[in-house]
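For reference, the chains in residue letters:
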Amino acid sequence: MVKADLQELTRSPTAVLGASGGIGQPLSLLLKACPLVDELALYDVVNTPGVTADLSHISSVAKISGYLPKDDGLKHALTGTDIVVIPAGIPRKPGMTRDDLFKINAGIVRDLVEGIAKHCPKAFVLIISNPVNSTVPIAAEVLKAAGVFDAKRLFGVTTLDVVRAETFTQKYTGQKNPAHTKIPVIGGHSGETIVPIFSKASPSFTIPDDKYDDLIKRVQFGGDEVVQAKDGAGSATLSMAYAGYRFAESVIKAAKGEKGIIEPTFIYLPGVVGGEEIAEATGVQFFSTPVELGPNGAEKAINILDGITDKESRLLEACKAGLQGNILKGVDFIKSPVPTK
Ligand SMILES: NC(=O)c1ccc[n+]([C@@H]2O[C@H](COP(=O)([O-])OP(=O)(O)OC[C@H]3O[C@@H](n4cnc5c(N)ncnc54)[C@H](O)[C@@H]3O)[C@@H](O)[C@H]2O)c1
Ligand SMILES: O=C(O)C[C@H](O)C(=O)O
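Parameters at a glance
Sequence order sets the numbering: in each chain, residues are counted from 1 along the sequence as written. Chains and ligands are labelled sequentially in the order written, the chains with letters from A and the ligands with numbers from 1. Thresholds applied to this predicted model are a pLDDT of at least 70 for local features of residues and 80 or more for the giving and counting of side-chain atom pairs; totals over whole chains, interfaces and linings are not thresholded and use all residues. Each side-chain value is worked out from all heavy atoms of the structure, with water and hydrogens disregarded. Each residue is tested against the molecule or strand, and it is near if at least one of its non-hydrogen atoms lies within 4 Å. Polar contacts, as counted here, are pairs of nitrogen or oxygen atoms within 3.5 Å of one another; within protein the pair requires one atom able to donate a hydrogen and one able to accept it, and residues that are adjacent in sequence qualify only if both atoms are side-chain atoms. All accessible areas in this document rest on Shrake-Rupley with a 1.4 Å probe, and a residue is counted as covered only by the protein chains that are shown. All amino acids are sorted into three groups, where Ala, Val, Leu, Ile, Met, Phe, Trp, Tyr, Cys and Pro are nonpolar, Asp, Glu, Lys and Arg are charged, and the leftover types, Gly among them, are polar. Domain borders in the structure are assigned automatically or taken from a domain database. Accessible area that two parts lose when put together, with a 1.4 Å probe and added across both, is what the buried area reports. We define a salt bridge as a side-chain nitrogen of Lys or Arg found within 4 Å of a carboxyl oxygen belonging to Asp or Glu. Note on conventions: DSSP H or I runs of at least 4 residues are helices, E runs of at least 2 residues are strands, and numbering of each starts at the N terminus.

J.: Teacher, can you tell me more about the site of ligand 2 here?
T.: In the vicinity of ligand 2, the residues found are R92, R98, N130, L160, R164, H189, G223, S235 and A236. R164 places a polar side-chain atom, nitrogen or oxygen, 2.7 Å from an oxygen atom of ligand 2. Contacts to ligand 2 include H189, whose side-chain N or O atom sits 2.5 Å from an oxygen atom. Look at ligand 2: alone it shows 260 Å² of surface, and the protein chains cover 96% of it. For the shell around ligand 2, the class distribution of residues is two nonpolar, four polar and three charged. Taken domain by domain, the shell around ligand 2 gets at least three of its residues from each of domain 1 (2–156) and domain 2 (159–331).

Set out below in structure tokens:
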């Protein structure tokens, strides 16, 4: 192998869009500290010079740079980037649903993904901004319109639901490290569209019948717990930074050739091997399912629907009803934009 190829394999330039925010800052810290990341570009509409100066004193591998919108900042942040993580956008306050964020965040995600289509069309795109059930379809439509869509490279980050499922079931799994139980959480990322499939956990464990419903609700509405506790000061940021980092690290490791990495993530099913069958079974085109990651991103969507319990089938039915509307809302935002006047 020639030297240039080796360098390609070890490079993983990464950008964070929305880097000055509640999620953006701790996520950028984790990425700066990650030995797998050699370049880190931070972009936000405010405060990136300060965040960048602060993180730049950390003696880790990543070379860091920060950008604001002025002087073509987005272009400079994205050019040459392989992985783009997007936590830009407003968070919930008590009493709001994630869908209430659509009005503002839809436009933010559209504009940032237009930048990606122009400046780094082959990058892996990891979308954190809510409502994920709609922002990922928005991103897909923007990339399609620009002629650069590759479903294997676009991911809605639903890892926080998996992290919560691991944490909240610890007393039943008995694991000292809760992350050692693999729990698939499928569907979407809001309330009843979040479907934990405890019956397919590995290693398997048993939940007492009288605890099952509460546990499902806690995973589905874990976000509300944090929104209430923060009492107007935003939603989950630190646990999300952890979850976002965990997913980004998996994408980077798989891109570098590590085998056997499987993570649930929200993808466009028809564009990923194995996804058509899940789209047929669920009737939706975007869905979170365990995905085998590889050098090209989502190499294979894994169908775990066969053999799920009756209770899980009922949860899935409720998920589909809400999810389909969220997806169409995102697609329509790009395909038939509502006139502003
Ligand atoms: N996927 C998930 O599981 C998950 C979990 C938690 C939060 N979220 C979502 O992540 C988003 C961010 O949450 P937060 O708590 O970090 O919010 P925040 O308000 O603390 O930070 C958002 C940042 O985005 C920046 N921003 C706004 N418009 C921008 C633009 N056009 N370009 C670049 N940056 C821009 C803001 O300046 C701010 O720094 C919210 O939509 C929230 O709902 C998703
Ligand atoms: O709850 C929210 O609005 C933020 C996030 O989606 C979460 O699940 O914590």
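J.: Honestly, the domain arrangement of the chain in this entry has me stumped. Any pointers?
T.: Interface size is commonly expressed as the accessible area that is lost once the parts come together. Under the domain assignment used here, the chain contains domain 1 (2–156) and domain 2 (159–331). Together, R92, R98 and N133 form the three largest contributors to the area buried by domain 1 at its contact with domain 2, with a combined 18%. On inspection of domain 1 and its partner domain 2, the count reaches two salt bridges. For D99, the salt bridge goes to K329, with nearest N and O atoms at 3.0 Å. Seen at the junction of domain 1 and domain 2, the total is eleven residue pairs in polar contact (both at pLDDT 80 or more).

J.: Would you mind showing me how to read the site of ligand 1 here?
T.: What surrounds ligand 1 is a group of 28 residues, the closest being G22, I23, D44, I90 and N130. At a separation of 2.6 Å, an oxygen atom of ligand 1 approaches a polar side-chain atom of D44. I90 has a polar backbone atom sitting 2.9 Å from an oxygen atom of ligand 1. Here ligand 1, which alone exposes 870 Å², has 85% of that area covered by the protein. The element that contributes the greatest number of residues to the shell around ligand 1 is helix α5 (residues 102–119), accounting for three residues. For the shell around ligand 1, a count of residues per class yields 17 nonpolar, ten polar and one charged. Counting only domains with at least three residues in the shell around ligand 1, you end up with domain 1 (2–156) and domain 2 (159–331).

J.: Just to check I follow, could you spell out the environment of N326 for this structure?
T.: Inspection of the secondary structure puts N326 in helix α13 (residues 310–335). Sequence separation between N326 and F286 is 40 residues; the distance between their C-alpha atoms is 10.0 Å.

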